[in-house]
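As a plain string of letters, each chain reads:
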2 protein chains.
Amino acid sequence: MIQSSTLTIQSERLHKRIHDLSQIGRIGETGVCRLALSKEDYEGVQLVKSWMEEIGLTARVDDYGNLIGRLEGRDPTLPILMLGSHIDSQPYGGRFDGSIGVLGALEVVQTLIEAKFVPEMPIEVVAFCDEEGCRFNKGLFGSRGMMGRLEEGELERTDKQGVSRREALISFGCDPERFEESRYPEGSIGTFLELHIEQGPVLESKGAQIGIVTGIAGPLWLTVEMIGVAGHTGSVPMNLRQDALMGAAKVIIGLNEIARSEPGAPTVGTVGSLSVFPDSRNIIPEKVSFTVDLRDIDLDRRHGLEVKLANLLEDTAAEHGLTYTVREDTNSESRYCAGWIQDIMREQAAELGVTPPELMSGPFHDALVLSYYCDYGMIFVNSRAGISHNPQEYSAPEDISLGTELLYRTVRELASKLQRGNSSE
Amino acid sequence: MIQSSTLTIQSERLHKRIHDLSQIGRIGETGVCRLALSKEDYEGVQLVKSWMEEIGLTARVDDYGNLIGRLEGRDPTLPILMLGSHIDSQPYGGRFDGSIGVLGALEVVQTLIEAKFVPEMPIEVVAFCDEEGCRFNKGLFGSRGMMGRLEEGELERTDKQGVSRREALISFGCDPERFEESRYPEGSIGTFLELHIEQGPVLESKGAQIGIVTGIAGPLWLTVEMIGVAGHTGSVPMNLRQDALMGAAKVIIGLNEIARSEPGAPTVGTVGSLSVFPDSRNIIPEKVSFTVDLRDIDLDRRHGLEVKLANLLEDTAAEHGLTYTVREDTNSESRYCAGWIQDIMREQAAELGVTPPELMSGPFHDALVLSYYCDYGMIFVNSRAGISHNPQEYSAPEDISLGTELLYRTVRELASKLQRGNSSE
């Protein structure tokens, strides 16, 4: 464990802010419900904005609902070094998902300011609007907005109470008619860094406090339907059956083997949803529909595994006398973190005396959107038992502090690139 | 194929009756909806009753709704030789299920009468009330009733329109207050024979027109719940998962192997119903609940397989870090057809020049109830593709005729046991 005396950032201040923000929309002792563009979200944004202003940033909420605090650079015309994440939550969420990325970035910038460090380029701390997507069923709204990637009809999406996103934005104080003014022109952002909880158990399993992210894995999402022949469970002998559930069971197990086929690879393959027709205890399943989720940071390897999956379906259907259809629902590419940023993180971690494991991210983050506009890097913080989107979500304060410290050192290194040699460091 | 000239029964008459009965409650070209105790069922019962009377039987509808036609024997005090099945149908049923057993028995008795054959014992042809059980969700009503096996609250069961069985019986002309009078005292039935469609594909797969049933297999019905740990499909590495659906898939495949483990045995094992929680494409399944249906005519063998299944559950749960529960919903014993009746059927079939395959019945029949009161035998007729409970249900007329002929010869042999030697045959 790193001693807190080794850290440059001020842990106590960081954790007080995390605690204070978690009181807005609190559920029970440890939960949070701060839905995007809600009253609670507004309160949260105003609180963080006040902290930004307190430490000397110029803060504003743009027309997409993003909160942006700016520390001017030596050269204001240089591409921005952007840091951030989100503070909106799932309906039954936790205190750390998103928030530590915003408040960690704030702590980083405050520490820079207190050290009288003036960055070469401007640094912006952003709390992106509606990363979670649970209210209007489409997430990454603020980051997509500022990058000009909104899709048609997004403002007309409604929540469960019938409130449209347009209405929600307006009551949040945003003006959808002025979206253009909140856009970031191409090239205006140089680098993006995000600190986030892992939302998975890899770091915990390795006994690591933090990790360096190698990229965000693009998922392949399929819906498979296998069709056999129904029949009475008592009267159709085993060797005459065309049982669709037998086929599906073999594919579930085969997909698992495919995902594990390269030892050490971070590939994951899952059947998460499945339904049986007619779903009666004394009728042999005629039709089984199930989802496939296949992810790999290495897209070439994933493509290879897709071929194996196609063969598995073909062979299984043939073996059990089934027909099948496959629908592709999503096919995203992987987005890699910049190697040079990972190098800096590795060096800075070594100076701190830690060797963070390197791992891919399965879930999406705002960084995914930013990856199309600039180089990006991510730091993960150990999530207990990998639980998130739940009040049980937990990351230890010392792990969050260490992740924030690594973010600080990475930012400082990045922001002093042009002045290296002149730096007093 | 047996030439119809070889047959003693009159095929044309039999098929005309099957056709005429199928017009009552007809759906489309080939379907039938004749729910128990409905207007259509009443019409059907009245039509069959008129045929019984036409050929010289004494016919009555008892207070359970059973239609009974009696041919007096040389000694009216001897235990009855009972023949029959049912004429009620599934809501979207076929023309043959049940009906061929009643109309086949009627044809058998008419042929006996025309041959001036007087049986030693009385012969009764019965159309049992509500074998299917789909209206009040509990079947084999009439046969259980006359054997004194009704359970508490049966008359209070209601159909989808809120009509109770008691009300339905009364409007059918029955008097539930007089049930006792319709009971058959112990020992009053000597033998029961039932002709029925197979409702499975075994005979078709063997190219056989008819088969001799060895018994009705008792099912073991279980509900299994396997419980693992949910997690994000993108962030939990394969080797750290406790995926409940992986466990269920292995049990599905393992159950199949268990059911096939003794080559040539008629064991069947099926998972027909399954549900996943939370059933989301990007969440690893936390809980999977599924049914197990295991049947075998040999109860000792089935017990052995149950032990294998218990081990399979234990091993699979351990392998995947799951917990599980097993609930026993039904555990019925098998009921064997009398060996001496099967012997007579085999001999009579040989005289006809056929060697019917011997097979167990997975589905229940009225014969299951009768099996607790007397020796019983069953003849199965080839069902195209094993389909039943559906308008597509089909059995070829020549196969039904052959089954009826075998029933006729078996009855004649049984009914002349006491007069063997005096017979002109």
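Notes on the structure follow. (Residues numbered from 1 in each chain as written. Chains lettered and ligands numbered in written order. Predicted model: local features only at pLDDT ≥ 70, side-chain atom pairs only at ≥ 80, totals over all residues. Heavy atoms only, no water.)

A few words on the packing of helix 7 (residues 244-259) of chain B against helix 8 (residues 299-320) of chain B. Residues and elements named next belong to chain B. In the contact formed by helix 7 and helix 8, the axes pass within 10 Å of each other and the chain directions differ by 155°. By the angle class used here, helix 7 and helix 8 are roughly antiparallel. Crossing of helix 7 over helix 8 shows right-handed handedness. Counted together, M246, G247, K250, V251, G254, L255 and I258 of helix 7 and L305, K308, L309, L312, L313, T316, E319 and H320 of helix 8 form the full contact between these two elements. (Axes fitted to C-alpha atoms, helices over the stretch in contact; angles between N-to-C directions. Helix = DSSP H or I, 4+ residues; strand = E, 2+ residues; numbered from the N terminus. Parallel < 35°, antiparallel > 145°, perpendicular 65-115°, else oblique. Left-handed = near helix turned anticlockwise from the far one by under 90°. Contact = heavy atoms within 4.5 Å.)

Turning our eyes to something else, we now look at empty space enclosed by the protein. Using the criterion set out here, one finds 6 cavities of 30 Å³ or more in the structure. By volume, the largest cavity amounts to about 70 Å³. In terms of lining residues, the largest cavity is bounded by I252, L255, N256, G269, T270 and V271 of chain A together with M238, R241, D243, L245 and M246 of chain B. Looking at the lining of the largest cavity, the elements that each hand over two or more residues are helix 8 (244-259) and strand 10 (268-270) of chain A together with helix 7 of chain B. (1 Å grid on protein atoms, 1.4 Å probe; cavity = no way out; pocket = protein on both sides within 12 Å on 5 of 7 lines; lining within 4 Å. Points joined across faces, edges and corners; volume = space filled by probe spheres on them.)

All names here are of chain B. For N382, the position within the fold is in the loop between strand 16 (375-381) and helix 11 (397-415). One polar contact links the side chain of N382 to the main-chain carbonyl oxygen of A208, over a distance of 2.9 Å. Excluding its chain neighbours within four sequence positions, the residues that come into contact with N382 are L203, E204, A208, Q209, Y394, S395 and D399. (Polar contact = N/O pair within 3.5 Å; in protein donor to acceptor, adjacent residues only side chain to side chain.)

Our next topic: the interface of chain B and chain A. Facing 53 residues of chain B, the contacting portion of chain A comprises 53 residues. Counting every contact that joins chain B to chain A gives 2 salt bridges. R281 of chain A is the salt-bridge partner of D329 of chain B, the closest N and O atoms lying 3.0 Å from each other. Counting across the interface, chain B meets chain A through 22 residue pairs in polar contact (both at pLDDT 80 or more). Elements with a minimum of two residues in the side of chain B that touches chain A: helix 6 (202-205), strand 9 (218-227), helix 7, strand 10 (268-270), strand 11 (274-277) and strand 12 (287-296) of chain B. The leading source of residues in the side of chain B that touches chain A is helix 7 of chain B, at 8 residues. When the residues that make up the side of chain B that touches chain A are grouped by side-chain class, the tally is 24 nonpolar, 19 polar and 10 charged. (Salt bridge = Lys/Arg side-chain N within 4 Å of Asp/Glu carboxyl O. Nonpolar A, V, L, I, M, F, W, Y, C, P; charged D, E, K, R; others polar.)

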